[in-house]
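Each chain, written out:
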Amino acid sequence: MENFTVYNPTRLYFGNKALEKLPDELAQTGKKVLLITGKESAKKHGYYNQVVQILQTSNKKIIEYSGIKPNPVVDDAEKAVQLALQEKIDGVLALGGGSVIDTAKMVALAYANKQDVWQLMKRKVEPVRNIPLWVVLTLAATGSEMNGAAVLQNHQTNEKIGYFSPLMYPRASFLNPEFTLSVPKNQTINGIVDLVAHSLEAYFANGNTPLSDRFVASNILEAMDYAPNLLNNLTDYNLRARMMWNATVAENGTTMHGRSVSGDWGTHALAHHISLLWDTPHGQTLSVVFPAWMKAMYYKIDTRLEYLGTLLTGKKTTADQTINIMENFFKSIEAPTRFAELGLNENDKSKLLDLWKNNRPNGMYIDMDETDYETIIRYL
Ligand code: NZQ
Ligand code: ZN
């Protein structure tokens, strides 16, 4: 087992009464709150009104930045920072899914440090402080509600990259599964793929840490257990609650202890390029890239695949069988597993390969070279 430190300062309120605790949290800071939301779902389904009402009765002045798009862009974060600087805010409240939360994280950090968002993300400058960030989650998927990571894309530099800072953990996150009852089926599928992919990313890092490996397998088995039911009963509170907690646990550190890095993240790095080029939803990029990555990187991960399959099935399983189990699960929930299912063609594949060769996405543990990229492309 590798040496490790456990640090996760986010206070998490879970359940249909979670928001009752928001006033207590808000009371701990100043008057001006920057509320960041997505395009329309929060307003359409009434979550926005509930949150605004709490902010008003808590005597907060609301500054608003809305319209964050899925696969969020650095320009929006920069504009929100300018607004924050004009208004001199005291805290940031994110109401939405991963795209909104990630933007809010970078806005809070850039504002607190008076730094440029992209300079921070490219690690040209080091942050030293932050202001409070609260999250009201409306979508179970990324785990951003309980981690210190953010992912943004930049069309000027042609990159979509992740950034982590221990200063970016939300101060508190409010997870009411009722807020996810309105998530449509396709977005629910994307969320399930994402949380399973996070479990796999953790698993493929190094470290002899059987307990963390078992957490990974449990996360995947949990998703396999509720997914078919949930996709037929999208408004079932208990199934939504199971998915919400599953997504949080998949990326809040639980599966990562005892490894020298938090996960491999090579598949995410590859998949982000598909979102960057065609604005494909994050979950769909992962259900297409993960099976291809496992097949191409087989020569480095075969024994890990065998062990994962054994944990998942309770009996001796080959590496090929494990890949099939994962790919068949994605297919069973109607997630795309081939590039063509994203509406993309062979020309698009060459474009993607060129961008990979240029940007050189890589795993934190399992290295990829140009030959690997070419093999992965063939399996897509
Ligand atoms: O914009 P609105 O109108 O709100 O609609 C959103 C959006 O279209 C909709 N939605 C959200 N809550 C809803 C809802 N629709 C109905 N009812 C609700 N309650 O869902 C759509 C997708 O939202 P988005 O926030 O983009 O989804 P997700 O949470 O999957 O976030 C994806 C982003 O997070 C990044 C991804 O790369 C991607 O950019 N990631 C962040 C990570 C992190 N910070 O730890 C790790 C992940 O691996 C991931 O990379
Ligand atoms: Zn992800």
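Residues numbered from 1 in each chain as written. Chains lettered and ligands numbered in written order. Predicted model: local features only at pLDDT ≥ 70, side-chain atom pairs only at ≥ 80, totals over all residues. Heavy atoms only, no water.

**Comments concerning the overall build of the chain**
Here's step 1: Helix and strand counts for the chain come out as 15 helices and eight strands.
Here's step 2: Its C-alpha atoms give the chain a radius of gyration of 20 Å, near enough to 21 Å, the size a compact globule of 380 residues would have.
Here's step 3: Dimensions of the chain, computed from C-alpha atoms along their principal axes, come out at roughly 60 × 45 × 45 Å.
Here's step 4: A buried classification covers 58% of the 380 residues belonging to the chain.
Here's step 5: Counting only contacts in the chain whose residues sit at least 6 apart along the sequence, the fraction spanning at least 24 positions is 77%.
Here's step 6: Counting only carbon and sulfur atoms, one obtains 48% of the accessible surface of the chain, whose full area is about 15500 Å². (Helix = DSSP H or I, 4+ residues; strand = E, 2+ residues; numbered from the N terminus. Rg over C-alpha atoms; globule rule 2.2 N^0.38 Å. Buried < 20%, exposed > 50% of the residue type's maximum accessible area, 1.4 Å probe, protein only. Contact = heavy atoms within 4.5 Å. Areas by Shrake-Rupley, 256 points an atom, 1.4 Å probe, with all protein chains shown as cover.)

**Observations regarding unusual backbone geometry**
Here's step 1: Although it is not a glycine, Trp265 sits at a positive phi angle of roughly 65 degrees.
Here's step 2: When you line up the elements, Trp265 lands in the loop between helix H9 (237–250) and helix H10 (266–278).
Here's step 3: The residue Arg360 is not glycine, and still its phi comes out positive at about 50 degrees.
Here's step 4: A residue is classified by how much of its surface remains accessible, and Arg360, at 42% relative accessible area, is partly exposed.

**A look at the domain arrangement of the chain**
Here's step 1: Structurally, the chain comprises domain 1 (11–180) and domain 2 (185–379).
Here's step 2: Taking only C-alpha atoms into account, the centre of domain 1 sits 26 Å from that of domain 2.
Here's step 3: Between domain 1 and domain 2 lies a buried interface of about 2100 Å² when both sides are counted; carbon and sulfur atoms form 61% of it.
Here's step 4: Taken together, the links from domain 1 to domain 2 amount to one salt bridge.
Here's step 5: Applying the counting criterion to the domain 1 and domain 2 interface returns eight residue pairs in polar contact (both at pLDDT 80 or more).
Here's step 6: Those elements that provide at least two residues to the side of domain 1 that touches domain 2 are strand S1 (11–14), strand S6 (149–154) and strand S7 (159–164).
Here's step 7: Considering every element that reaches the side of domain 1 that touches domain 2, the biggest residue donor is S6, with three residues.
Here's step 8: For the side of domain 1 that touches domain 2, a count of residues per class yields 11 nonpolar, 12 polar and five charged. (Domains from an automatic or database assignment. Buried area = accessible area lost by both parts, 1.4 Å probe. Salt bridge = Lys/Arg side-chain N within 4 Å of Asp/Glu carboxyl O. Polar contact = N/O pair within 3.5 Å; in protein donor to acceptor, adjacent residues only side chain to side chain. Nonpolar A, V, L, I, M, F, W, Y, C, P; charged D, E, K, R; others polar.)

**Considerations on helix H4 (residues 74–87)**
Here's step 1: Taking 1.5 Å of rise per residue, the 14 residues of H4 would be expected to cover 20 Å, and the 20 Å separating its terminal C-alpha atoms lies within 8% of that figure.
Here's step 2: Buried within H4 are the following residues: Val74, Asp76, Ala77, Glu78, Ala80, Val81, Leu83 and Ala84.
Here's step 3: Residue Lys88 follows H4 closely and has a positive phi angle near 55 degrees. (Expected span 1.5 Å × (residues − 1).)

**Describing the nonpolar core**
Here's step 1: Counting residues in hydrophobic clusters, the biggest one holds 101 residues, and the most contacted among them are Leu34, Met106, Ile192, Val196, Phe204 and Trp293.
Here's step 2: For this core, the element with the most residues is helix H5 (residues 98–113), which contributes 10 residues.
Here's step 3: The contacts of Phe204, once residues within four sequence positions are left out, are Asp264, Phe290, Trp293, Met294, Ile301, Arg304, Leu305, Tyr365 and Ile366.
Here's step 4: Ranked by size, the runner-up nonpolar core spans 21 residues in total, among them Leu35, Tyr47, Tyr48 and Val51. (Core = buried A, V, L, I, M, F, W, Y, C linked by side-chain atoms within 4.5 Å.)

**Thoughts on the coordination of the zinc ion (ligand 2)**
Here's step 1: For the zinc ion (ligand 2), the full set of protein donor atoms is Asp194 (OD), His198 (NE2), His268 (NE2) and His282 (NE2), at a range of 2.0 to 2.2 Å.
Here's step 2: We note that the donor set of the zinc ion (ligand 2) lies within a single chain, spaced as D-x3-H-x69-H-x13-H. A residue pair is termed long-range when its members are at least 10 positions apart, and Asp194 in helix H7 (residues 185–203) and His268 in helix H10 qualify at 74 residues. You'll find Asp194 and His268 in the same group, each marked buried. (Donors = N, O, S within 2.8 Å, 3.2 Å for Na, K, Ca; no water.)

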